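What the coordinates show
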Amino acid sequence: MQETLKPSYVGKLFPPYSDEVTPLRPTSAGAKAGKIFYAVLGCALIGGIVWFIGLMFDWKWVRYAGIALGVWVLIDTIRNMLKSQCAACPYCRRDVGSKSLLQLSVDDKNKQFACEGCFEWLISDGGQIRAFRETDIGNTKEFDCPVIANGVWPNECIVCGAPTTRHLNAKTLNVGLASLLVGRLSVSYGSVKNIPYCDVHEAAVTVKTVDRKIWADFKDYAARRRYLHANRIHRMEAAKQIS
Ligand SMILES: [Zn+2]
Ligand SMILES: [Zn+2]
């Protein structure tokens, strides 16, 4: 049913998928130390909150439970982090998995994540990293992507690829328009607010904030990739003009 509703794409942008599959390897000792540092902080926070509640109400067993919880979570997390793995991004070769928040493991089963360098979606499966393809979409309906500061949009309708006839503002979710127009976020918002559409399409992109960064929510994986592709070309051309 939904397949028939999805408009067919008539534009010219077909960003290639990377065919490369890169193997996971253990992260460096330094990366592990960084991850464990954050794990200690997180566990101290969780255990500390429970301990503090026990202190406030003078419930001795809650205080002990807080300490026990913190230690238990810590041991479990450290065991995971010692096994942490990393690999080269199949698109941009940048190291993925060494940063503290992204935890890759040889036990991953089709785990989806995004490269922090090129933002392309990747899959970690059975010790290997590969590109996330149309066949991996399944029931996923939202494809979010960090908004690229000073970025551009493809010069065509973001939905169907037809020539642009109008530019419409993105819908904003969980974020006041006022906070987008001033301050640090305004640079990113300025480059995302005028979204190209044909006469038929609209409202295909929503803007939201996560961790005080602006993200664009696409309804279509291919549209997300065209957005990244247009920005890659834009950066390459800007670099050519400088040199
Ligand atoms: Zn990458
Ligand atoms: Zn269109």
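Cut-offs and rules
Residues numbered from 1 in each chain as written. Chains lettered and ligands numbered in written order. Predicted model: local features only at pLDDT ≥ 70, side-chain atom pairs only at ≥ 80, totals over all residues. Heavy atoms only, no water. Donors = N, O, S within 2.8 Å, 3.2 Å for Na, K, Ca; no water. Tetrahedral: all angles 85-135°; square planar, octahedral: opposite > 155°, others 65-115°. Helix = DSSP H or I, 4+ residues; strand = E, 2+ residues; numbered from the N terminus. Buried < 20%, exposed > 50% of the residue type's maximum accessible area, 1.4 Å probe, protein only. Pairing = 2+ DSSP bridges. Salt bridge = Lys/Arg side-chain N within 4 Å of Asp/Glu carboxyl O. Contact = heavy atoms within 4.5 Å. Axes fitted to C-alpha atoms, helices over the stretch in contact; angles between N-to-C directions. Core = buried A, V, L, I, M, F, W, Y, C linked by side-chain atoms within 4.5 Å. Domains from an automatic or database assignment.

Under the annotation held in an unreviewed UniProt entry, the protein carries the name Transmembrane protein and is attributed to Pedosphaera parvula.

1. Some thoughts on the coordination of the zinc ion (ligand 2)
In the first shell of the zinc ion (ligand 2), the protein supplies C157 (SG), C160 (SG), C198 (SG) and H201 (ND1), at 2.1 to 2.3 Å from the metal. Around the zinc ion (ligand 2) sit 4 donor atoms; with metal-centred angles ranging over 101 to 116 degrees, the donor geometry is tetrahedral. One chain supplies every donor for the zinc ion (ligand 2), spaced along it as C-x2-C-x37-C-x2-H. One end of the pair, C160, is in the loop between β8 (143-146) and β9 (166-168); the other, H201, is in the loop between β11 (195-197) and β12 (205-210), and 41 residues separate them in sequence. Judged by relative accessible area, C160 falls into the buried class, the value being 7%. Among the residues examined, H201 registers a relative accessible area of 17% and is labelled buried.

2. Digging into the pairing of strand β7 (residues 128-131)
Sheet topology places strand β1 (residues 22-23) next to β7; 2 bridges connect them, and they run antiparallel. Among the inter-strand pairings, P23 is bridged to a residue of β7, identified as Q128. As consecutive antiparallel partners, strand β6 (residues 121-125) and β7 are separated by 2 residues, and within that stretch G126 has a phi angle of approximately 55 degrees, a positive value.

3. A word on the pattern of salt bridges
For the structure on display, the rule yields 10 salt bridges. One salt bridge connects K208 with D144, and the closest N-O pair in it is separated by 3.1 Å. Highlighted residues: K208 in strand β12 and D144 in strand β8, separated in sequence by 64 residues. Within this structure, E120, R225 and R232 form a network of salt bridges that share partners.

4. A look at the coordination of the zinc ion (ligand 1)
Listed as protein donors to the zinc ion (ligand 1) are C89 (SG), C92 (SG), C115 (SG) and C118 (SG); their distances from the metal cover 2.3 Å. Mapping the donors of the zinc ion (ligand 1) onto the primary sequence gives the spacing C-x2-C-x22-C-x2-C. Of the two residues, C92 sits in the loop between β3 (85-88) and β4 (95-96) while C115 sits in the loop between β5 (111-114) and β6, which places them 23 residues apart along the sequence. Residue classification places C115 among the buried residues on the basis of a relative accessible area of 1%.

5. Regarding the sheet that holds strand β13 (residues 213-218)
Through backbone hydrogen bonds, the strands of a sheet pair up, either in parallel or in antiparallel fashion. With mixed pairing, 4 strands are arranged side by side in an open sheet as β8-β13-β12-β10. Edge positions in the sheet fall to β8 and β10 (171-172), since each has one partner strand and no second. Lying over the sheet, helix α6 (residues 221-242) contacts β8 and β13, oriented at roughly 15 degrees with respect to β8.

6. Describing the nonpolar core
Ranked by internal contacts, the top residues of the largest apolar core, which has 29 residues, are W153, I158, I195, Y197, V205, F218 and Y227. Counting residues per element, the ones that place at least two in this core are β6, β8, β11, β12, β13 and α6. Tallying contributions element by element places α6 first for this core, with 4 residues. When residues of this core are assigned to domains, at least three fall in each of domain 1 (22-134) and domain 2 (141-242). In contact with F218, not counting residues within four places along its chain, are K141, E142, F143, C145, W153, I158, A204, V205, A223, R224 and Y227. By size, the runner-up hydrophobic cluster in this structure holds 11 residues, among which are A87, V96, L102 and F113.

7. Focus on the environment of A88
Looking at where A88 falls in the secondary structure, it is placed in strand β3. By relative accessible area, A88 is classed as buried at 15%. Leaving out residues up to four positions away in the same chain, A88 has contacts with T22, R25, R93 and R94.

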